[in-house]
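Chain residues, written in single-letter form:
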Amino acid sequence: MAASLNKVGVVGLGTMGAGIAEVLARSGLDVVGVEVGDEALKRGRGHLENSTGRAVKRGKLSAEEQQAILDRITLSTSFGALSDCDLVIEAVPEQLQLKRRVFEQLDEVCRADAVLATNTSSLSVTEIAVSTNRPEQVVGVHFFNPAPVMRLVEIIHSVLTRPEALSVVQGLVERLGKVGVTVGDRAGFIANRLLFGYLNQAAAMYDAGHASREDIDAAMKATGLPMGPLTLMDLIGLDVSLEVCEAIYRETRNRRHAPAPILRQMVTAGLLGRKTGRGFYSYDEPAATAEAEPAGAPPRVGVVGSGPLAVALISGCLRAGADVRFVAGDAEKADAVRTALEQPVEGGTELGLLADCDLIVEAVAEDTSVKRSLFAAVDDVAKPGAVLATTTTTVPVIEVAAATDRPQDVIGLNLPDPAGELVEIAATVVTAPEVVRRAAEYVAALGRRPVHCRDRAGFIVDALRVPYLNDAVRMLETGYADADSIDAAMRYGCGYPIGPVADLDRLGLGHAVEVLRALYTEYREPAYAPAPLLEELFTAGRTFR
Ligand SMILES: NC(=O)c1ccc[n+]([C@@H]2O[C@H](COP(=O)([O-])OP(=O)(O)OC[C@H]3O[C@@H](n4cnc5c(N)ncnc54)[C@H](O)[C@@H]3O)[C@@H](O)[C@H]2O)c1
């Protein structure tokens with residue numbers, strides 16, 4: 001095996017190959033780029049010149065440095081040019097037969113000690129490796145798009161890979177200044193396996209009419225993600241998304257990856273996302289920027305409860321200049337709320353305080369019977385036309401609504417991050433459309449961003465986020481990857497602000513277990529059952545780290 005790397009080949013100079021060649025040349029390596037024909041080679045050269053040219057324009061690279069990088073890259077249409085490379089990275093389209101053919105050719109022309117690597121996202125590295133006479137020297141090296149920017153590289157070994165071949169690639173990834181995580185050969189590796197379960201569920205959620213595409217995206221973006229799931233799928237390409245889901249499903253037979261019907265329909269119709277001008281969104285015409293409606297006067301708000309959520313709700317109302325009062329379970333709790341708020345607020349223990357409120361928000365214990373009896377009592381004191389909101393995410397809103405004589409006035413209201421802007425508004429099958437409209441107006445007047453969904457466990461954010469976290473726990477408990485690798489993969493490969501394992505510790509294991517139980521009860525979907533390790537740590541009162 002080559003002791004040190006001097007020359008690295010790249011086969012296929014498309015989106016990924018050109019980016020990888022650039023990263024390699026930037027680190028001082030000699031690079032040989034191979035394409036199928038002159039046209040493709042010209043395109044590849046164009047990618048390289050444009051990308052480094054942009055860096056020069058942004059002042060991140062001098063013209064001399066750009067020239068030096070380009071000079072280190074030799075381009076050819078002949079595989080023979082790869083004969084003296086220490087390592088070759090394949091980045092041709094994601095088709096198994098094509099990749100196997102390329103590897104047969106590489107096996108013929110490359111030095112016996114050269115390591116051969118594939119940039120596949122979802123195909124089996126093992127199936128590619130066995131098309132050569134040196135499967136022990138074949139490794140997966142999965143860069144993310146755009147390769148010069150994204151820090152993660154997944155390094156994949158098959159059951160045949162020799163440790164020496166693996167360490168050649170690990171050494172290279174380190175030299176490139178990337179974050180490498182090494183795992184075995186499972187469809188989707190870490191990042192795509194976790195990401196596409198979530199994306200596929202978001203597509204299904206949209207397909208089911210649970211929420212609008214804009215609201216699904218806005219809700220998830222509000223959790224700190226770089227973009228919403230439907231926008232991301234449009235960017236990745238719906239054809240690619242479909243293929244990746246199919247590849248993972250073929251291996252796992254887990255329905256979470258069985259492509260949502262809408263994906264196949266859109267692909268069949270040629271709606272592939274950004275690259276064809278239309279996917280979940282249309283990109284042909286510039287999006288009309290909707291005039292922001294002037295926010296109305298803040299409503300008079302009543303908050304029932306004394307916990308952290310109640311306090312966050314009250315202080316949010318105060319910040320927005322709303323008239324707010326609260327009702328706590330006893331005098332001691334009422335005092336605790338006043339202390340937490342550090343300012344005088346009208347409040348007490350009598351529900352009568354809520355009589356003239358436009359919006360009454362319940363934030364008491366997450367328990368169906370407590371919420372039902374509270375709502376029955378609120379029903380007796382609230383003025384006609386008041387919007388009654390429950391903050392539950394795990395008790396169906398309709399159960400609470402049915403405890404009143406005015407179920408048409410009851411909505412679900414969830415703040416995935418109590419200090420954040422986002423408010424999810426869930427309408428039941430009997431909520432009056434006028435009440436939903438008014439609730440959204442009130443939320444906007446309180447300075448928050450409303451999104452709408454139906455009365456389903458987890459609303460939007462928890463329904464999409466928590467099963468993804470559960471998938472990460474399942475991955476952890478099978479021993480496929482450790483917590484640090486899983487978190488690094490999602491942070492550096494997908495731009496998540498926090499990895500799933502750390503996110504579970506932050507959100508609280510109890511919350512995750514509650515949401516999963518509610519989702520499982522509602523859908524009986526095996527993937528929603530809490531992972532045993534999650535239940536176990538929760539019961540033990542422990543966290544992951
Ligand atoms: N695009 C992404 O976001 C992304 C991210 C990570 C990994 N990947 C993986 O990287 C690989 C390449 O994807 P891409 O998006 O760069 O595709 P692409 O279509 O942009 O580029 C593929 C290139 O390979 C060339 N090619 C085809 N057959 C060839 C042959 N026999 N010999 C030499 N060159 C050949 C094509 O001319 C083309 O330029 C795939 O396996 C893909 O799954 C893609």
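Description of the structure in this document. Here the structure is a predicted model, which means the values were calculated and not measured.

What counts and how
Residues numbered from 1 in each chain as written. Predicted model: local features only at pLDDT ≥ 70, side-chain atom pairs only at ≥ 80, totals over all residues. Heavy atoms only, no water. Near = heavy atom within 4 Å. Polar contact = N/O pair within 3.5 Å; in protein donor to acceptor, adjacent residues only side chain to side chain. Areas by Shrake-Rupley, 256 points an atom, 1.4 Å probe, with all protein chains shown as cover. Nonpolar A, V, L, I, M, F, W, Y, C, P; charged D, E, K, R; others polar. Salt bridge = Lys/Arg side-chain N within 4 Å of Asp/Glu carboxyl O. Buried < 20%, exposed > 50% of the residue type's maximum accessible area, 1.4 Å probe, protein only. Helix = DSSP H or I, 4+ residues; strand = E, 2+ residues; numbered from the N terminus. Pairing = 2+ DSSP bridges. Right-handed = clockwise from strand over helix to strand, strands pointing away. Contact = heavy atoms within 4.5 Å. Axes fitted to C-alpha atoms, helices over the stretch in contact; angles between N-to-C directions. Parallel < 35°, antiparallel > 145°, perpendicular 65-115°, else oblique. Left-handed = near helix turned anticlockwise from the far one by under 90°. Patch = residues over 30% accessible without salt bridge, like charges linked within 9 Å, V, L, I, M, F, W, Y side chains within 5 Å. Lys, Arg positive; Asp, Glu negative; His and termini not counted. Charge placed at Lys NZ, Arg CZ, Asp CG, Glu CD.

Looking now at the site of the ligand. Of all residues adjacent to the ligand, which total 24 residues, the nearest are Met16, Glu35, Glu94, Lys99 and Asn119. Met16 is positioned such that a nitrogen or oxygen atom in its backbone is 2.7 Å from an oxygen atom of the ligand. In the complex, the protein chains occlude 77% of the 830 Å² of accessible area that the ligand would expose alone. When grouped by side-chain class, the residues that make up the shell around the ligand number 12 nonpolar, eight polar and four charged.

Glancing now at the pattern of salt bridges. Taken as a whole and judged by the stated rule, the model has 33 salt bridges. Between Arg111 and Asp113 there is a salt bridge; the shortest N-O distance is 2.8 Å. According to the relative accessible area criterion, Asp113 is partly exposed, its value standing at 26%. A single network of salt bridges, built from pairs that share partners, joins Arg300, Asp323, Arg325, Glu346 and Asp356.

Further remarks concern the pairing of strand E9 (residues 301-304). Within a regular beta strand, the side chains point alternately toward one face of the sheet and then the other, so they alternate between its two faces. Burial of E9 is two-sided: the residues Val301 and Val303 facing one way and the residues Gly302 and Val304 facing the other way are all buried. In the sheet, E9 pairs with strand E10 (residues 324-327) via four bridges, with the strands oriented parallel. Looking across to E10, one finds that Val301 is bridged to Val324. Crossover E9 to E10 through helix H12 (residues 308-319) is right-handed.

The next point concerns the environment of Ala377. Relative to the assigned elements, Ala377 resides in helix H14 (residues 368-381). Using a relative accessible area of 26% as the deciding quantity, one classes Ala377 as partly exposed. In this structure the C-alpha to C-alpha distance between Ala377 and Leu469, which are 92 residues apart in sequence, comes to 37 Å.

Further remarks concern the side chain of Arg325. Structurally, the position occupied by Arg325 is in strand E10. The class for Arg325 is buried, based on a relative accessible area of 6%. A distance of 3.5 Å separates polar atoms of two side chains, one belonging to Arg325 and the other to Glu346. Arg325 has contacts with Arg300, Val301, Gly302, Val303, Glu346, Leu353, Asp356 and Cys357, leaving out every residue within four places of it along the chain.

This part covers the packing of helix H17 (residues 461-477) against helix H19 (residues 500-507). Where H17 meets H19, the closest approach of the two axes is 9 Å, and the angle between their N-to-C directions is 120 degrees. Classified by the angle between their axes, H17 and H19 sit oblique to one another. Considering how the two elements wind past one another, H17 and H19 form a crossing that is left-handed. Contacts between H17 and H19 involve Arg465, Tyr468, Leu469, Ala472 and Val473 from the first element and Pro500, Asp503, Leu504, Arg506 and Leu507 from the second. Tallied by class, the residues present in the contact of H17 with H19 amount to seven nonpolar, no polar and three charged.

Together, Arg54, Lys57, Arg58 and Lys60 give the surface a local cluster of positive charge. Relative to the helices and strands, Lys60 resides in the loop between helix H2 (38-57) and helix H3 (63-71).

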